[in-house]
Each structure stands twice: as structure tokens, then as C-alpha cells.
Amino acid sequence: MKRTGNQTQWAGQFGVAHELSRRGYLVSFTLGNAPAVDLLCISPKGYEFSIQVKSLKSKGYFPYQKSLLEVDPNLHFVFVLIPPITTKTNVLPVEYFVLNNEQFHTLVEEENHRQKEEERKRGRPYAEFPPSMYYRTLSKSEFLNAWHNLPE
């Protein structure tokens, strides 16, 4: 059976909750009742914060809501790449890119600049589409499994 986008999103949320629980965080799911928040968390030292999880099954664009561009220092982001298992011997690891709010906004600016540069090279603008973060923009060692970017 083919995996749907909904399955990928749930796999990402549960994977993030698993990783946080292993590290001593308390995690609660909003179950879609809070559009900008997927997980409500309490750090091992008692700091309360929330997480927006974005998941993909291939190295493309992670779409996100425009409302996430509002600065909220308590909102953190985890982008999850969940590659399909193609064979018993070819199992690629799940990749977690963990960002605080400031890092997210810095990458949004970088991604906007990258997209404008691509349009300049192309000679015309691309069609209007929702805001999104390209996998290559995110895939930096400073964000990969960077659970330290979350409150302690």
C-alpha cells in the first residue's frame, strides 16, 4: 500500500515525540486542534514550548502556513524526512532538522533569497505557490538531529 501525506505527517509527529520522550521531555499532541502547533512540550528543566512538525517522504519542499512567519519565541520547528524503505538492505535513516524560531526565520530569508536568485537566472518568475522550505536549504549539519536547539 502506498503511503499518503497524512501518514507521513503522523509518522513525523510520532517520531519527534519519540525522540523528545527519550530525552526526558513531556510531549502532548494537539491532534490538529491548533493549526500552528503539533506538539506541546515541557523540557526536562520545566520550560514550556511548542513544536510545528513538517514531514516529507522525498527531498523536495516542505510547505508551511504563512501564519508561521509570525515571530513566537516559544514555537520551534522540526522538519522530518521519512524516506521509503525500498528493500530489506536499503534502509535510509529518518532525518530530523531541529530549529528554534530565530533559526527558522533566518532560513526563510535564505530560502526567499535563493528562490529570487533562481527566478533571476531563469529570466521570469515562477508561478505563485504557498511558502515552503527546500530540503537543501535545511540540510545543514547545524540542524540535523540538533535537539540542543530546543529548550533544556
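These figures come from a predicted structure and were not determined experimentally.

Student: Before we go on, may I ask you to explain the sheet that holds strand β1 (residues 26-29) in this structure?
Tutor: Adjacent strands of a sheet form backbone hydrogen bonds with each other and so pair up, either parallel or antiparallel. Spatial strand order, β1-β2-β3-β5-β6: five strands in an open sheet with mixed pairing. Strands with a single pairing partner mark the edges of an open sheet, and in this sheet they are β1 and β6 (95-99). Neighbour-to-neighbour, the strand axes of the sheet open up by a mean angle of 25°, direction not taken into account. Of the strands in this sheet, β5 (75-81) and β6 touch helix α2 (residues 101-122), which is tilted by about 105° from β6.

Student: Explain the pattern of salt bridges to me, please; I cannot follow it from the model alone.
Tutor: Think of it this way: side chains of opposite charge can pair up when their charged atoms draw near. Applying the stated criterion to the full structure yields six salt bridges. In this structure, the salt-bridge partner of E110 is K140, at a minimum N-O distance of 2.8 Å. Here K140 lies in the segment after α3 (135-138) and E110 lies in helix α2, a separation of 30 residues in the sequence. The exposure class assigned to E110 is partly exposed, which follows from its relative accessible area of 35%. The exposure class of K140 is partly exposed, given its relative accessible area of 24%. For R120, the salt bridge identified is with E117, shortest N-O distance 2.4 Å. On the criterion of helical spacing, the pair formed by R120 and E117 is a turn pair, its members being three residues apart in helix α2. For R120, a relative accessible area of 57% corresponds to the exposed category. Residues joined by salt bridges that share partners form a network here, namely E19, R22 and R23.

Student: How should unusual backbone geometry be read in this particular structure?
Tutor: Among all residues save glycine, negative phi is the norm, and among peptide bonds the norm is trans. Residue L31 is not a glycine yet carries a positive backbone phi of 55°. A positive phi angle, close to 50°, is found at N145, a residue other than glycine. Mapped onto the secondary structure, N145 falls in the segment after α3. Judged by its relative accessible area of 40%, N145 falls in the partly exposed class.

Conventions used here
- Residues numbered from 1 in each chain as written.
- Predicted model: local features only at pLDDT ≥ 70, side-chain atom pairs only at ≥ 80, totals over all residues.
- Heavy atoms only, no water.
- Pairing = 2+ DSSP bridges.
- Helix = DSSP H or I, 4+ residues; strand = E, 2+ residues; numbered from the N terminus.
- Axes fitted to C-alpha atoms, helices over the stretch in contact; angles between N-to-C directions.
- Contact = heavy atoms within 4.5 Å.
- Salt bridge = Lys/Arg side-chain N within 4 Å of Asp/Glu carboxyl O.
- Buried < 20%, exposed > 50% of the residue type's maximum accessible area, 1.4 Å probe, protein only.

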